[in-house]
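# Examining the three-dimensional arrangement
So the chains spell out like this:
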Amino acid sequence: MKPSAISLNKAKKSRRSATKKPGGGDSTHEVGGRFYYKGNRHKQLRAFVSVVKLGTLTRAAEALYLSQPTISLLLQALERELGVSLVERRRRRINLTDAGEALYELARPLVEGWETLDRDFQSRVQGLQGGRLTIAAGTSTIQYLLPELVRRFRERFPAVQLQLANVTGKDGMALLRADDADFAVGSMLDVPNDIAWAPVHHYDPMLIMPPDHPLAAKEKITLEDLSPYGLILPPQRLSTYRLVDLVFQQRQVPYHVAIEVGGWDVIKEYVAMGMGISIVTGICITEADHARLAVRNMKQYFPQRSYGVVMRKGKFLSAEARAFIDLIRPGLLTRDYDEPGHSGR
């Protein structure tokens, strides 16, 4: 071999060793005296989509089980290779540039589709003869609203493994944002910007009391009539308590809570035993309850509660999830629920 050829081969080997990471993994290149991280495009896009969805580098790093510097380097590498700025870093949160918005719309379905590829493939091939569906819901929803829907779903798709995650409030939102639940069914007071809300069923607020209670003899009951009597309400962290408190405060009507306890069945039992009165959502009132309780509609004072489907915006639902939602209301997914705001109850 000629000396010039030997020198050329050595130079090539030297360049390769400078860019190749031990173990055949991602490589580090020196550009302008600085090093930047260059991974494959899927890793970069996955990091980018996670940062946008979760709002911060720290949360994205935790979700992907990576370090925050690695997430930052992946973003920098992606921006360098595309030749544009994708995010603006402001304090602890990041905001998308116009280019970032465009890339997010393109990358999100790719990343999420890749993550659910195995499950979606099995569903497509087996025709919903397998797979798994996780629905987040509160106790009242699971007890009063979902049983008939679950029965019909099980009849049609007996091989699908169905999990009902009994959670409320922040815990339910956390499951949706982490993609640990396909969607949720329940009631909402405020709709976050990253959540889509499709209300389906609407229930009036009801005053319940023992049949021999003094208020049971009255056909029309005012808010002031409730003041002398102790209320039995769910815990303060739940939306029912917050709604009742808000109405009394706005109208400057005094009230007092005698018992805080979770579960509509428990509340109804305590009321039937004469321990107090309560404001409940109509979803929990059954025919049997009318035989042991006096029930009055209080919609002139308290807002209706709406129950429906809650999902993360941009979520690509599996075939199992779409089949269940079609049981709740056919064609529900064809409507646009991507506008943020108050739920209107």
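Our subject is the structure that appears above.
In short, a report on the structure. (Residues numbered from 1 in each chain as written. Predicted model: local features only at pLDDT ≥ 70, side-chain atom pairs only at ≥ 80, totals over all residues. Heavy atoms only, no water.)

## Observations concerning unusual backbone geometry
What counts, and what does not: Numbering of helices and strands starts at the N terminus; helices are DSSP runs of H or I of at least 4 residues and strands are runs of E of at least 2.
The phi dihedral of Y65 is positive, around 60°, even though this residue is not glycine. Position of Y65 among the secondary structure elements: in the loop between α3 (57-64) and α4 (68-82).

## What to know about the pattern of salt bridges
A side chain with one charge can pair with a side chain of the opposite charge if their charged atoms come near. To keep things clear, this is the line we draw: Throughout this description, the term salt bridge denotes a Lys or Arg side-chain nitrogen within 4 Å of a carboxyl oxygen of Asp or Glu. When a residue's accessible area, from a 1.4 Å probe over protein chains only, is under 20% of the maximum for its type it is buried; when over 50% it is exposed; and in between it is partly exposed.
Applying the stated rule across the entire model yields 11 salt bridges. The salt bridge involving K218 is made with D225; its shortest N-O contact spans 2.9 Å. For K218, a relative accessible area of 33% puts it in the partly exposed group. D225 sits in the buried class, given a relative accessible area of 18%. Linking D289 and R292 is a salt bridge whose minimum nitrogen-to-oxygen distance equals 3.5 Å. Within this pair, D289 and its partner R292 are both found in helix α12 (residues 287-292), separated by 3 residues, close to a single helical turn. Here D289 falls in the buried class, since its relative accessible area comes to 3%. Among the charged side chains, a network of salt bridges with common partners joins D265, K268, E269, D289 and R292.

## Regarding the packing of aromatic side chains
Between two aromatic rings, the relevant description is the distance of the centres plus the angle of the planes. Here is the rule: Whether two aromatic rings pair depends on their centres lying within 6.5 Å, for rings of Phe, Tyr and Trp, where Trp uses its six-membered ring; planes under 30 degrees apart make the pair stacked, over 60 edge-to-face, and the rest tilted.
Throughout the structure, instances matching the rule amount to 7 aromatic pairs. Between Y203 and Y307, the aromatic rings sit 5.7 Å apart at their centres with planes inclined by 85°, giving edge-to-face as the arrangement. Of this pair, Y203 sits in strand β9 (residues 195-203) while Y307 sits in strand β15 (residues 305-312), placing them 104 residues apart in sequence. Exposure class is identical for Y203 and Y307. Each is buried.

## Quick notes on the nonpolar core
The test is simple: Nine residue types can take part in a nonpolar core, namely buried Ala, Val, Leu, Ile, Met, Phe, Trp, Tyr and Cys, and a core is a set of them joined through side-chain atoms within 4.5 Å. We call two residues in contact when some of their heavy atoms are within 4.5 Å.
Ranked by size, the top nonpolar core spans 41 residues in total, and within it L133, F153, F183, V280, V309 and F324 carry the most contacts. Top element by residues in this core is helix α13 (residues 319-328). It accounts for 6 residues. When near neighbours in sequence (up to four residues on either side) are disregarded, V280 contacts D204, P205, M206, I208, W264, I267 and I285. In this structure, V52, L74, L103 and Y104 belong to the second largest nonpolar core, which totals 21 residues.

## Re the pairing of strand β12 (residues 257-260)
As a reminder, the rule being used: Two strands form a pair only when DSSP identifies at least two bridges running between them.
When strand β11 (residues 231-233) meets β12, the two strands line up parallel, connected through 3 bridges. Bridge pairing in β12 links L233 to E260.

## Quick word on the sheet that holds strand β6 (residues 161-166)
Strand pairing in a sheet relies on backbone hydrogen bonds, with the paired strands running either antiparallel or parallel. Quick reminder of the rule: Inter-axis angles, ranging from 0 to 180 degrees, are taken between N-to-C directions of lines fitted to C-alpha atoms, where helices are fitted over the stretch in contact.
Pairing is mixed across the open sheet formed by 5 strands, whose spatial order is β6-β5-β7-β15-β9. Bordering the open sheet on either side are β6 and β9, each of which pairs with just one other strand. Neighbour-to-neighbour, the strand axes of this sheet turn through a mean angle of 20°, independent of strand direction. Note that strand β7 (residues 183-187) and β15 share 4 bridges and pair antiparallel. Across the sheet, V185 pairs through a bridge with V309, a residue of β15.

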